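What the coordinates show
Listed here are the chains, written in short residue letters.
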Amino acid sequence: KVLSGPGISTLEWNTAYSAAEARWGPCNNCVATKTVEVTDPSGAITPHPFGTLFRATEGQLQETQIVDASGTVLRTTSLQYQSFPDRGVSDQGRGDGLLAARVTKVNKRITSQQGASFTWEASDFDSFANPTQVARSSSLGYQRQETSSYDNNTTKWVLGQVKEVKDTGSGK
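What you are looking at is a predicted structure, and each value in this text was computed from that prediction instead of being measured.

**Side note on the pattern of salt bridges**
- Overall, the coordinates contain two salt bridges when judged by the stated rule.
- Note that E146 and R144 form a salt bridge whose closest N and O atoms lie 2.9 Å from each other.
- Using a relative accessible area of 8% as the deciding quantity, one classes E146 as buried.
- In the salt-bridge network here, residues are joined through shared partners; they are R136, R144 and E146.

**Looking at the side chain of S138**
- Position of S138 among the secondary structure elements: in strand β10 (residues 131–138).
- The class of S138 is buried, set by a relative accessible area of 15%.
- Other than its neighbours up to four places away in sequence, S138 contacts S117 and F118.

**Notes on the environment of Q82**
- Counting through the fold element by element, Q82 comes out in strand β7 (residues 73–83).
- Since its relative accessible area comes to 27%, Q82 is described here as partly exposed.
- As a C-alpha pair, Q82 and K108 span 26 residues in sequence and 8.7 Å in three-dimensional space.
- With residues up to four places along the chain from it excluded, the contact list for Q82 reads V103, T104, K105, N107 and F125.

**Section: the pairing of β10**
- Pairing analysis gives seven bridges linking strand β9 (residues 116–125) to β10, with the strands arranged antiparallel. Across the sheet, the residue bridging to F125 is P131, located in β10.
- Hairpin connection between β9 and β10: a loop of five residues separates the two successive antiparallel strands, and A129 in this loop has a positive phi of roughly 70 degrees.
- Bridge count for β10 against strand β11 (residues 143–153) is five bridges, and the pairing is antiparallel. What sits directly across from R136, in β11, is R144.
- In this antiparallel pair of consecutive strands, β10 and β11, the connection spans four residues, and G141 shows a positive phi of 100 degrees.

**A look at a nonpolar patch on the surface**
- Together, F118, L140 and Y142 make up an exposed nonpolar region whose accessible area comes to about 350 Å².
- Along the chain, the position of F118 falls in strand β9.
- By relative accessible area, F118 is classed as partly exposed at 35%.

**Focus on the nonpolar core**
- Core analysis: the largest hydrophobic core is formed by seven residues, namely F84, V103, W120, A122, F125, A129 and V134.
- Residue contributions to this core peak at three residues, all from β9.
- Those residues in contact with W120 that lie beyond four places of it in its chain are V106, N107, K108, R109, P131, V134, A135 and R136.

**Some details on unusual backbone geometry**
- The phi angle at Q114 is positive, at roughly 50 degrees, despite the residue not being glycine.
- For Q114, the position within the fold is in the loop between β8 (104–113) and β9.
- The class for Q114 is exposed, based on a relative accessible area of 76%.

**A word on the confidence of the model for the protein**
- Here the protein averages 88 in pLDDT, while 88% of its residues score no lower than 70.
- For the protein, helix α1 (residues 97–101) is the element with the lowest average pLDDT, namely 69, and β10 is the one with the highest, namely 97.

About the thresholds
Residues numbered from 1 in each chain as written. Predicted model: local features only at pLDDT ≥ 70, side-chain atom pairs only at ≥ 80, totals over all residues. Heavy atoms only, no water. Salt bridge = Lys/Arg side-chain N within 4 Å of Asp/Glu carboxyl O. Buried < 20%, exposed > 50% of the residue type's maximum accessible area, 1.4 Å probe, protein only. Helix = DSSP H or I, 4+ residues; strand = E, 2+ residues; numbered from the N terminus. Contact = heavy atoms within 4.5 Å. Pairing = 2+ DSSP bridges. Patch = residues over 30% accessible without salt bridge, like charges linked within 9 Å, V, L, I, M, F, W, Y side chains within 5 Å. Areas by Shrake-Rupley, 256 points an atom, 1.4 Å probe, with all protein chains shown as cover. Core = buried A, V, L, I, M, F, W, Y, C linked by side-chain atoms within 4.5 Å. pLDDT = per-residue confidence, 0-100.

In structure tokens, the structure reads:
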């Protein structure tokens, strides 16, 4: 991607893809990811490994790292997923039909940066798989419990609009 225009120098991002390696689960001691690397104008590289286990982690972002131009990892964010009961069926048993009917959401995110780790973990979800109970914590000793509610307008099919987020400790 190239960004240029009057008054700014040309900025260029480059994307590189690792070879695809399809895998059946379970996968013992095999490469279960495909990595997409984005190099930004400063030379910093952001690798994005995606899962490749057929009907398990296929297409799911597993981790993101921010790496500066010298190769130093500045931040790492790891993701875990929770699957929910299938929402419908597919007549096509091959390909992505089963994954298209499956709802999968991130239920845990751990970010490590500058020697500290920050965890976001959802423990309960509403009927549209929006997180309603979330715990936030850090290795610095901070923690917070949140309860969230959402507006899900099924008439207009606008789903997941955050209505309210409350800190369960303070009630605010």
